[in-house]
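Each chain, letter by letter, is given below.
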Amino acid sequence: MIAHLRGRLLSKHPQQAIVEAAGVGYDVVISVPTFTALPAEGVEVALHIHTHVREDTLALYGFLDRGEKRIFERLITVSGVGPKLAVTILSGLSAERLVAAIRSQDHATLTTIPGVGKKLAERLVVELKDKLDDLASAPAGVEAGPLADDVLSALVNLGYQRPVAQKAISAAAGKDKKAAENFDTLFRAALAAIRS
């Protein structure tokens, strides 16, 4: 399965990107947020890929942001949500607003997305509200990114509650801006904040 694709961006449209890698042009389905964040045509790009295989289809779905790919993969586990509808949902709301709407059971916001009616909004909430814990928005004061995510994941894996870990990471980064630039430093500072 293709999980990552790096190459030259040959063309881009709101739901499609063509990426040339090793002489092969890959047709990748993308969301609107990914489209708007893509560089200019002709520039190298790297996409996180979800390969969707069915009897009659092999389709690649691409995301600049790993978190968006993870939300996409959760969405397609919901009954009645296929990959195309999942891309539409991610195009209709930012990843952060979507996660917040599902967690807070905000059906009204979810039904503003084209293709999402009342029943599907309810199903999204019921099936996903407890499956989005690892997709929490970055702690306040810490830029969203792999470093903060990794520290948060490490603390949760050690048994600390997610809100406690997030608060500790924010406190650690607030005290020392350089701590937020190194995993080990931020992890130790956050651990010290939890224990203090």
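Preceding this section is the structure that the text describes.
Nothing here was measured: the structure is a model prediction, and the numbers come from that model.

Asker: Which parts of the structure should I look at to understand the pairing of strand β4 (residues 44–54)?
Answerer: Here is the key point about a regular strand: its side chains alternate between the two faces of the sheet. One ladder, built from 5 bridges, connects strand β1 (residues 4–13) with β4; its direction is antiparallel. Each residue of the ladder has a partner; that of His4, found in β4, is His48. As paired elements, β4 and strand β5 (residues 57–63) share 7 bridges and run antiparallel to each other. Bridge pairing links Arg54 to Thr57 in β5. The antiparallel pairing of β4 with β5 creates a hairpin that spans 2 residues between the two strands.

Asker: Mind showing me how you'd approach helix α2 (residues 66–75) here?
Answerer: For the α-helix, the turn length of 3.6 residues means that residues three or four positions removed from each other point alike. Those residues of α2 that fall on the buried side of the exposure criterion are Glu68, Lys69, Ile71, Phe72 and Leu75. Angular distribution of buried residues about the axis of α2 spans 160°; they occupy a single face of the element. Put simply, Asp65 is the residue that caps the front of α2, since its side-chain oxygen is 3.3 Å from the backbone nitrogen of Gly67.

Asker: Looking at this model, I keep getting lost on the packing of helix α8 (residues 162–175) against helix α9 (residues 183–195). Mind explaining?
Answerer: In the contact formed by α8 and α9, the axes pass within 8 Å of each other and the chain directions differ by 115°. Judged on the interaxial angle alone, α9 and α8 are roughly perpendicular. Of the two possible hands of crossing, α8 and α9 adopt the one that is right-handed. Each of Val164, Ala165, Ala168, Ile169, Ala171, Ala172 and Ala173 in α8 lies in contact with α9, whose residues at this interface are Leu186, Ala189, Ala190, Ala193 and Ile194.

Asker: How should I be thinking about the nonpolar core in this particular structure?
Answerer: In globular proteins that are soluble, nonpolar side chains generally tend to be buried together. With 28 residues, the main nonpolar core has Leu75, Val81, Ile89, Leu98, Leu110 and Leu124 as its most contacted residues. Secondary-structure elements contributing two or more residues to this core are β5, α2, α3 (83–92), α4 (95–103) and α6 (118–128). If sequence neighbours within four positions are ignored, Leu98 has contacts with Ile71, Leu75, Ile89, Leu90, Leu93, Leu110 and Ile113.

Asker: Sorry if this is basic, but what is going on with the sheet that holds β1 here?
Answerer: Picture the strands of a sheet paired through backbone hydrogen bonds; they go either parallel or antiparallel. If you trace the 5 strands once around the closed barrel, you get β1-β2-β3-β5-β4, paired in mixed fashion. Taken pair by pair, the neighbouring strands of this sheet meet at an average axis angle of 55°, ignoring direction. Lying over the sheet, α2 contacts β4 and β5, oriented at roughly 10° with respect to β4.

Asker: For this particular structure, what's the right way to read the packing of aromatic side chains?
Answerer: Two numbers describe a pair of aromatic rings. These are the distance of the centres and the angle of the planes. Evaluated as defined, the whole model comprises 3 aromatic pairs. With 5.0 Å between their ring centres and 50° between their planes, Phe63 and Phe72 make a pair best called tilted. The buried category is assigned to Phe72, whose relative accessible area is 0%. An aromatic cluster of three or more residues is present, and its members are Tyr61, Phe63 and Phe72. The ring centre of Phe35 lies 5.7 Å from the NZ or CZ of Lys12, which sits over that ring.

Each value, and the rule that gives it
Residues numbered from 1 in each chain as written. Predicted model: local features only at pLDDT ≥ 70, side-chain atom pairs only at ≥ 80, totals over all residues. Heavy atoms only, no water. Pairing = 2+ DSSP bridges. Helix = DSSP H or I, 4+ residues; strand = E, 2+ residues; numbered from the N terminus. Buried < 20%, exposed > 50% of the residue type's maximum accessible area, 1.4 Å probe, protein only. Arc of directions from axis to C-beta. Polar contact = N/O pair within 3.5 Å; in protein donor to acceptor, adjacent residues only side chain to side chain. Axes fitted to C-alpha atoms, helices over the stretch in contact; angles between N-to-C directions. Parallel < 35°, antiparallel > 145°, perpendicular 65-115°, else oblique. Left-handed = near helix turned anticlockwise from the far one by under 90°. Contact = heavy atoms within 4.5 Å. Core = buried A, V, L, I, M, F, W, Y, C linked by side-chain atoms within 4.5 Å. Phe/Tyr/Trp six-rings, centres within 6.5 Å; stacked < 30°, edge-to-face > 60°. Lys NZ or Arg CZ within 6 Å of the ring centre and 35° of its normal.

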